[in-house]
Amino acid sequence: EPEVTQTPSHQVTQMGQEVILRCVPISNHLYFYWYRQILGQKVEFLVSFYNNEISEKSEIFDDQFSVERPDGSNFTLKIRSTKLEDSAMYFCASRVDGNTEAFFGQGTRLTVV
Amino acid sequence: DQQVKQNSPSLSVQEGRISILNCDYTNSMFDYFLWYKKYPAEGPTFLISISSIKDKNEDGRFTVFLNKSAKHLSLHIVPSQPGDSAVYFCAATGAGSYQLTFGKGTKLSVIP
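Worth saying up front: this structure is predicted, and the values here are computed from it rather than measured.

Novice: How do you make sense of the state of the cysteines when you look at a structure like this?
Specialist: Among covalent bonds in proteins, the disulfide is the one between the sulfur atoms of two cysteines. Counting across every chain of the model gives 2 disulfides over all chains. Cys 23 of chain A shares a disulfide with Cys 92 of chain A; S-S distance 1.9 Å. An S-S torsion of about -65° defines the bridge between Cys 23 of chain A and Cys 92 of chain A as left-handed. One end of the pair, Cys 23 of chain A, is in strand β3 (residues 19-24); the other, Cys 92 of chain A, is in strand β9 (residues 88-95), and 69 residues separate them in sequence. Exposure remark for Cys 92 of chain A: the relative accessible area of 0% places this residue in the buried category. Bridging Cys 23 of chain B to Cys 90 of chain B, the disulfide has an S-S length of 2.0 Å.

This is how it looks when you write it as C-alpha cells:
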C-alpha cells in the first residue's frame, strides 16, 4: 500500500542551526502539507503546497520556514535558525485532491537543544 | 480561535461496549469531516470521513454521524477493542480552504 515516508525519524540540532526535513508523498497525490505537533498539544497546520507553490500557510509559517519540491518526488521543509520552541513532531501529508482524506507520514521528531 | 473542538480529553470504555467520541465545529463553511487515529510517536492514520451532504457514514465497526444544524459530529466504535486505544482526532476542511483543521484529540482507553 502506498505511504508517505519521512526522513529522518529523529533530528537533534543546536539552536540557531538550519534543518531540512524530508518527505516523499504518495506518487499520484497533488496536495502536500506540513503539520506539527508540540508535545501534548494539538496537530497544527503549517503550510499547504499545490501546483509547485504554497497555497496556504498559517501564522506559524513565518520567514524562518520554507518548503520546496525540488525534483517532483521529494517535498522538504527547511527551518532556518532553529529555536527551542521549534521542538515538535513534524508531519508531512498528501492528498489526491482537496476533497479526500490526507495521508500522513510517521513524522520527524525535531529536538532543538 | 478553536474552530474544531473536542471537549473530552479522555474516555475509558470496557471492551465490547460502544465508544462515542464527540466533536463540535464553529465554521459553518466546513463541508468535509474526518476522523484520525494516532498512536504515540506515529503519524495520524485516517479512519473515516463524511461529507456535509450526508448525515451518516459507516465502515465496519466505525460509524460517523453528522448533525449540521448543531455543528456536531460523533464517531461510534462498536464493539470497542483494546487495540482501539489511541488518541482520536476530529478534522474538518472546506470554507474555501484545503487545509485540515484538527481538534485537540480525545484519548480513548479500551479496558479488557
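Novice: Is there a simple way to explain the side chain of Ser 80 of chain B in this structure?
Specialist: Residue and element names in this part refer to chain B. Locating Ser 80 in the fold gives a position in the loop between β8 (72-77) and β9 (86-94). Separated by 2.6 Å, the side chains of Ser 80 and Ser 19 make a polar contact. Here the side chain of Ser 80 touches Ile 77 through a polar contact of 3.4 Å, landing on its backbone oxygen. With residues up to four places along the chain from it excluded, the contact list for Ser 80 reads Val 13, Gln 14, Glu 15, Gly 16, Arg 17, Ile 18, Ser 19, Arg 61 and Val 110.

Conventions adopted
- Residues numbered from 1 in each chain as written.
- Chains lettered and ligands numbered in written order.
- Predicted model: local features only at pLDDT ≥ 70, side-chain atom pairs only at ≥ 80, totals over all residues.
- Heavy atoms only, no water.
- Disulfide = S-S within 2.5 Å.
- Helix = DSSP H or I, 4+ residues; strand = E, 2+ residues; numbered from the N terminus.
- Buried < 20%, exposed > 50% of the residue type's maximum accessible area, 1.4 Å probe, protein only.
- Polar contact = N/O pair within 3.5 Å; in protein donor to acceptor, adjacent residues only side chain to side chain.
- Contact = heavy atoms within 4.5 Å.

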